Amino acid sequence: MLLAVDVGNTDTVFGLYNTGVWEHIWRERSLAQESESHYASKLMLHFLEAGISFNEVNTVVLSSVVPALTPIIQKMLRSLFGDDIIVVGPNTFPGLTIAIDHPHELGADLIANAVAVFTRYQRNCVVVDFGTALTFTTVSKKGEILGVAILPGLVTAVKALFTNTAQLPEVPLKLPESAIGKNTVQSIQAGILLGYEGLVKSLIHRIRAEMGGDCIAVATGGLSSIIETLRNEFVEIDRKLTLDGLRIIGEKVGGAVTK
């Protein structure tokens, strides 16, 4: 079995992969103030409920974009699975070149996304990740991560309005029927969701033009299916893309964990 751990700004995802399928995917809040034992107890409970022993895991891959939480999760994993934990960084996967100014600035989750789409398609591709941040990662058919565009994610944008504006309520992320909102909730939905629809289309089309017109788009992230009108922009919407990239890294460059 392979355990992939993706530490994000909002949630930490644990994925257990066995014989061609993700048998279990668990989510916990990413809380940097919590201890190693907190996350260990959470993971132990998940394994216990699934009837799985830690000894059945032979590869562990960790991706983290939360520096304060990285050593906590890393220490926890080593205490449970041994020292040979693969921690994803700019030099982890030799099959990809990171062609940006400062490779260490690139998020490990974006590296995993790039590994997944390059392995799957071998084509120019932009990965649109709908998470806490909305990111556009462009990968060339030669296996180069060419660069990234980053902006606040959908939930982040809505929370910014709710937090910083006294009279505006927090609203559900539901695509409105009209761009002309008739009440406060509809107005925010129109501005955020329809605005982001246009934004995503515009950035994909601009990236595609800069790639000479040959560039497919793949969507991932927890909110990748929220804006239904964007479906035709993508050849695929895969919420497990990051985990799959971590799996590929583990299978290509990792060895068995040392108990």
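Coordinates for the structure precede this section.
Residues numbered from 1 in each chain as written. Predicted model: local features only at pLDDT ≥ 70, side-chain atom pairs only at ≥ 80, totals over all residues. Heavy atoms only, no water.

Caption draft 1: View of the environment of lysine 142. Within the element layout of this structure, lysine 142 appears in the loop between β8 (133-139) and β9 (144-152). The class for lysine 142 is exposed, based on a relative accessible area of 69%. When the C-alpha positions of lysine 142 and phenylalanine 54 are compared, they lie 38 Å apart, and in sequence the two are 88 residues distant. (Helix = DSSP H or I, 4+ residues; strand = E, 2+ residues; numbered from the N terminus. Buried < 20%, exposed > 50% of the residue type's maximum accessible area, 1.4 Å probe, protein only.)

Caption draft 2: Expanded view of the packing of helix α3 (residues 108-121) against helix α6 (residues 241-253). Packing of α3 against α6 brings their axes to within 7 Å, and their N-to-C directions diverge by 80°. Overall, the two elements α3 and α6 adopt an arrangement that is roughly perpendicular. Contacts from Asp109, Ala112, Asn113, Val115, Ala116, Val117, Thr119 and Arg120 in α3 reach Leu241, Thr242, Asp244, Gly245, Leu246, Ile248 and Ile249 in α6. Here the contact of α3 with α6 is built from residues that sort into eight nonpolar, four polar and three charged. (Axes fitted to C-alpha atoms, helices over the stretch in contact; angles between N-to-C directions. Parallel < 35°, antiparallel > 145°, perpendicular 65-115°, else oblique. Contact = heavy atoms within 4.5 Å. Nonpolar A, V, L, I, M, F, W, Y, C, P; charged D, E, K, R; others polar.)

Caption draft 3: Structural detail: α3. With 14 residues, α3 extends 20 Å between its outermost C-alpha atoms, agreeing within 8% with the 20 Å of an ideal straight helix rising 1.5 Å per residue. Here α3 lies mainly inside the structure; eleven of its 14 residues are buried. Within the span of α3, buried status applies to Ala108, Asp109, Leu110, Ile111, Ala112, Asn113, Ala114, Val115, Ala116, Val117 and Phe118. Of the residues trailing α3, glutamine 122 is marked for its positive phi of about 55°. (Expected span 1.5 Å × (residues − 1).)

Caption draft 4: Layout of unusual backbone geometry. In this structure, threonine 19 takes a positive phi of about 45° despite not being glycine. Within the secondary structure layout, threonine 19 lies in the loop between β2 (11-18) and β3 (21-29). By relative accessible area, which is 70% here, threonine 19 ends up exposed.

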